[in-house]
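Descriptive analysis of the structure
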Amino acid sequence: MNRRNFIQSGALLGGGLLVSFTIPQANKMAALAARATEGAFVPNAFLKIGTDNSITVYLSHVEMGQGIWTTLPMLLADELDADLDKIKIEHGGPAKAYNHNVYGIQITGGSSSTWSEFDRYRNAGATARVLLTQAAAQRAGIAITDCRTEKGYVTAGSQKFSYGDLATEAAKLPAPAKVPLKAPADWKYIGKSPKRRDSLAKTNGQAQFGIDIQFPGLLSAVVAHAPVFGGKVKSFDASKAKAVPGVVQVVQIPTGIAVIADNFWAAQQGRKSLQITWDHGPGVMLNTATQTKAYKTLAATKGLPAQKKGNADTALGKSAKVVSGEYVFSYLAHAPMEPLNCTVKIDNDVCEIWTGTQMPGIDQKNAATILGFKPEQVKITIPFLGGGFGRRAAPTSDFVTEAVHIAKASGKPIKMVWTREDDMRSGHYRPFFVHNVKVGLDNGLPVAWLHNIVGQSIMGEAKIFGPAPKIDNTSVEGVKESPYLDAVPDHYVGLHTTEEVVPILWFRSVGNTHTAYVMETMVDELAYAANQDPVDYRIKLLKDHPRHLATLKLAAEKANWKKKLPAGRFKGVAVHESFGSYVAVIAEVSINNGLVKVHKVDCAIDCGLAVNPDGVKAQMESGVIFGLTMALYGELTIKDGQLQQSNFYDYRIARMNESPEINVYIVQSSEKMGGAGECGVPPTAPAIANAIFAATGTRIYNLPIVNHKLIQKA
């Protein structure tokens, strides 16, 4: 009995924004041809209506827990006048028709799935509704204005037709160049909170993730990677591995030695029996301690200017008081719950791939390059993703191309699985960063700000949006455009971009993971230096930033900020804008025997129109837990080029019993829509750290918090 069958049996007993509906005709037709079936109505790449009255919505983005399996169909269902509960949903697969409206490639990331598709999916539904109505009018011999649509039917005079009944006729009509969209007053689903369309399958075990792919003849594969970053195979002996029962083949690939077996266990045992001599390369010299020292030395000097005004150095010298801080942030792992995996089957001139990926188009292209195929010869099926956080959006397609290399070298269909230890020690990471900040105060207000940042460039390594930039915005976002700097007459934000052998990648909320922490703990420190309440101080500094103010005031009101807490409880606050949304967090903590307990988090968000309010709340709750984990436990260390952590026992994730009470409040807003998937993360850690300062008087300049000896103030 496999895992899924077991679960089933158990169940029986348990920033920039656009929107357009532009699809290059050639790309559109290619996508349509792939799924058109006889009699089906396929008015665009996002929708198919069958003659059996089935309605299928194709997602241009992937569902990895963020709720777009529900939200994107809501957009289309509203304009189509279809019953959301009866719509079938599938991932679209790689196709240029699904390229991101802004980024220009097919990608799920940047908290952009809803705002980038808001008009495109509505246009897709509206186009289909117009054609179906036109077909009904023609059949009934009446004017189209005498027809109306509701829940998958067109009423034409005295006659009523299902969409499926009209599919064949509608498919023959020319698509209109432009269609009217409904006014908000006519929305049935947008702005409401229907039940999630993926919840049932994910709770009864029917949902299929990449790790669940299985078919006759499929073999398991694992890879022995170099233990040191940048290392290579010098030589190896596979004789003992081949003697392990179940092991079928051992092949060398560019990234290591792959063991192929009848099952995962045998492959694992075979890997343990390999005898490999490694060429460690220069990476063996890398150590966290020496890296920290080198980065601190660099951060004490001026980097390339990312943002500057006036003369920060001169103004600092004239300030009545200077507050400074030196912050260190370690590498972090994405650690998705579903381990990375990829299934590959190569049959003559066709390659089939099954994997949970955030960038199927890039993966398709990279796989085709390895095989000498055209991209269209590579078919990718995308099941659900068991968490992504950016890890499954690697421009190098690392775990996909590795699986393709194994299938090519072995000539066999394989499912390659990276154990969590494999991904933890040989994966891609949130970069290591150091900040050095000096702020000058006059009359309690900042008048000079000198801020230097040191770290690797994600965009420089990715290179999928062009050549490496001199200033990588993902390294300085959250600082260079900070509203706090607007009113500081003399400021300088500098960046030193470093190069290391450690592979890096975007991580949920990207640069804001460290910049928000620095800005919000530093402003808190300024408030105390000015002897002012931290919320009142922020209100004063943010007076010209209404969306920051609205979330801050709402969170403070709901948390009863100025109400005296019970003995032993303390509050901290933070507010931050990222991905076009504004989030304020107030955390309530206590300290017991040096350990932090986060009891309650009040969170307010302004994301513009909340298409699915329950979905927004779920993303905020998830973001708070992610930020809590990062603050309390997030740390990877390196010794002699080897990463020292390996799994959840030594790279802790916040557990269920550590979850605080989380209350989410949505600011009613008609402002431009932003994202929700990532913006809950950045303010959580600084709010907790500021609460800890209120409790102990200790400022935490390097995370995680668990490394600090905390003693509550008497």
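What this report covers is the structure whose coordinates are included nearby.

Parameters and conventions
- Residues numbered from 1 in each chain as written.
- Predicted model: local features only at pLDDT ≥ 70, side-chain atom pairs only at ≥ 80, totals over all residues.
- Heavy atoms only, no water.
- Helix = DSSP H or I, 4+ residues; strand = E, 2+ residues; numbered from the N terminus.
- Rg over C-alpha atoms; globule rule 2.2 N^0.38 Å.
- Lys, Arg positive; Asp, Glu negative; His and termini not counted.
- Charge placed at Lys NZ, Arg CZ, Asp CG, Glu CD.
- Core = buried A, V, L, I, M, F, W, Y, C linked by side-chain atoms within 4.5 Å.
- Buried < 20%, exposed > 50% of the residue type's maximum accessible area, 1.4 Å probe, protein only.
- Contact = heavy atoms within 4.5 Å.
- Expected span 1.5 Å × (residues − 1).
- Disulfide = S-S within 2.5 Å.
- Axes fitted to C-alpha atoms, helices over the stretch in contact; angles between N-to-C directions.
- Parallel < 35°, antiparallel > 145°, perpendicular 65-115°, else oblique.
- Left-handed = near helix turned anticlockwise from the far one by under 90°.
- Nonpolar A, V, L, I, M, F, W, Y, C, P; charged D, E, K, R; others polar.
- Salt bridge = Lys/Arg side-chain N within 4 Å of Asp/Glu carboxyl O.
- Polar contact = N/O pair within 3.5 Å; in protein donor to acceptor, adjacent residues only side chain to side chain.
- Pairing = 2+ DSSP bridges.

**Some details on the overall build of the protein chain**
Along the backbone of the protein chain there are 21 helices and 27 strands. Here the C-alpha radius of gyration of the protein chain, 27 Å, is about what a compact globule of 714 residues would show, namely 27 Å. The principal-axis extents of the C-alpha atoms in the protein chain amount to approximately 85 × 70 × 55 Å. One finds the centroid of the 75 positive side-chain charges in the protein chain at a distance of 2 Å from the centroid of its 63 negative side-chain charges.

**Looking at the nonpolar core**
Judged by nonpolar contacts, the single largest core of 117 residues is most densely connected at Trp-449, Val-596, Ile-605 and Ile-705. In this structure, Val-596 is in contact with Val-589, Ser-590, Ile-591, Leu-632, Ile-692, Ile-705 and Leu-710, ignoring residues within four places of it in sequence. The next biggest cluster of nonpolar side chains, apart from the first, holds 51 residues, and it includes Leu-75, Leu-76, Ala-97 and Tyr-189.

**Notes on unusual backbone geometry**
Pro-704 follows Leu-703 through a cis peptide bond whose omega is 10 degrees. Tracing the sequence through the fold places Pro-704 in the segment after helix H21 (684-696). At Ser-111, a position not held by glycine, the phi torsion is positive, near 50 degrees. Within the element layout of this structure, Ser-111 appears in the loop between strand S4 (87-91) and helix H4 (113-140). In this structure Ser-111 comes out as buried when scored by relative accessible area, which is 13%.

**Looking at H21**
Over its 13 residues, H21 extends 18 Å from the first C-alpha to the last, a length consistent with the 18 Å expected when each residue adds 1.5 Å. Positioned one or two residues after H21, Gly-697 has a phi angle of 80 degrees, which is positive.

**Points about the state of the cysteines**
Considering all chains together, one arrives at 0 disulfides under this definition. A disulfide-free cysteine, Cys-351 has its sulfur positioned 8.2 Å from the sulfur of Cys-342, the nearest such atom. Since its relative accessible area comes to 0%, Cys-351 is described here as buried. Cysteine Cys-679 remains unbridged, with the sulfur of Cys-607 as its closest cysteine sulfur at 7.1 Å.

**As for the packing of helix H18 (residues 534-541) against helix H19 (residues 546-558)**
The relative placement of two packed helices is expressed as an angle between their axes plus a distance between the axes. As a packed pair, H18 and H19 sit with axes 10 Å apart at the nearest point and diverge in direction by 160 degrees. Regarding the angle of H18 to H19, the classification is roughly antiparallel. In terms of crossing hand, the pair formed by H18 and H19 is left-handed. Along the contact surface, H18 presents Val-535, Arg-538 and Ile-539, while H19 presents Leu-549, Leu-552, Lys-553 and Ala-556. Class assignment for the residues of the contact of H18 with H19 results in 5 nonpolar, no polar and 2 charged.

**A word on the pattern of salt bridges**
Scanning the entire structure with this criterion turns up 26 salt bridges. Residue Glu-326 pairs with Lys-296 through a salt bridge whose shortest N-O separation is 3.5 Å. Residue Glu-326 is located in strand S14 (residues 321-329), and its partner Lys-296 is located in helix H9 (residues 288-299); the two are separated by 30 residues in the primary sequence. The closest approach of N and O atoms between Arg-391 and Asp-398, which form a salt bridge, is 2.8 Å. In this structure, Arg-391 and Asp-398 share a single accessibility class: buried. Each of Glu-63, Arg-196, Asp-198 and Lys-202 takes part in one network of salt bridges that share partners.

**A closer look at the packing of helix H3 (residues 68-80) against H4**
Direction vectors running N to C along H3 and H4 enclose 35 degrees, while the axes themselves pass 6 Å from each other. Considering the relative orientation of H3 and H4, their crossing is right-handed. Here Ile-68, Thr-71, Leu-72, Leu-75, Leu-76, Glu-79 and Leu-80 of H3 come into contact with H4, specifically with Ser-113, Thr-114, Glu-117, Phe-118, Tyr-121, Arg-122, Ala-124, Gly-125, Ala-126, Ala-128, Arg-129 and Leu-132. Class assignment for the residues of the contact of H3 with H4 results in 11 nonpolar, 4 polar and 4 charged.

**Focus on the environment of Lys-182**
For Lys-182, the location among the structural elements is in the loop between helix H5 (163-171) and helix H6 (199-204). For Lys-182 and Thr-419, which are 237 residues apart along the polypeptide, the C-alpha to C-alpha distance reads 48 Å. With near-sequence residues (within four places) excluded, Lys-182 lies in contact with Asp-78, Glu-79, Asp-81, Arg-122, Arg-129 and Trp-187. Among the polar contacts listed, one links the side chain of Lys-182 to the backbone oxygen of Asp-78, at a separation of 2.7 Å. Looking at Lys-182, its side chain comes within polar contact range of the side chain of Asp-81, at 2.5 Å.

**Examining the sheet that holds strand S27 (residues 661-666)**
A sheet is described by the order of its strands in space; here 4 strands give the open sequence S22-S23-S24-S27, paired in mixed fashion. Both edges of this open sheet fall to strand S22 (570-578) and S27, since each of them pairs with a single strand only. Ignoring which end each strand starts from, the neighbouring axes of this sheet average 20 degrees apart. Pairing of S22 with strand S23 (residues 581-592) involves 9 bridges; the strand directions are antiparallel. Paired with Phe-570 across the two strands is Val-589, which belongs to S23.

**Some points on the side chain of Thr-637**
Here Thr-637 is to be found in the loop between helix H20 (613-632) and strand S25 (638-639). Among the polar contacts listed, one links the side chain of Thr-637 to the side chain of Gln-644, at a separation of 2.8 Å. Once residues within four sequence positions are removed from consideration, Thr-637 is found in contact with Thr-288, Gln-642, Leu-643, Gln-644 and Gln-645.

**What to know about the sheet that holds strand S7 (residues 159-162)**
In sheet architecture, strand pairing relies on hydrogen bonds along the backbone and comes in two forms, parallel and antiparallel. Read across the sheet, 3 strands follow the order S5-S6-S7 without closing on themselves; strand pairing throughout is antiparallel. With partners counted over all chains shown, the strands left at the sheet margins are strand S5 (147-150) and S7, one partner each. For this sheet, the mean inter-axis angle between neighbouring strands, taken without regard to orientation, is 20 degrees. In this fold H4 packs onto S5, strand S6 (153-156) and S7, with an angle of close to 40 degrees to the strand it touches most, S6.

**Quick look at the environment of Tyr-58**
Note that Tyr-58 resides in strand S3 (residues 55-59). Separated by 318 residues in sequence, Tyr-58 and Glu-376 have C-alpha atoms that sit 19 Å apart.

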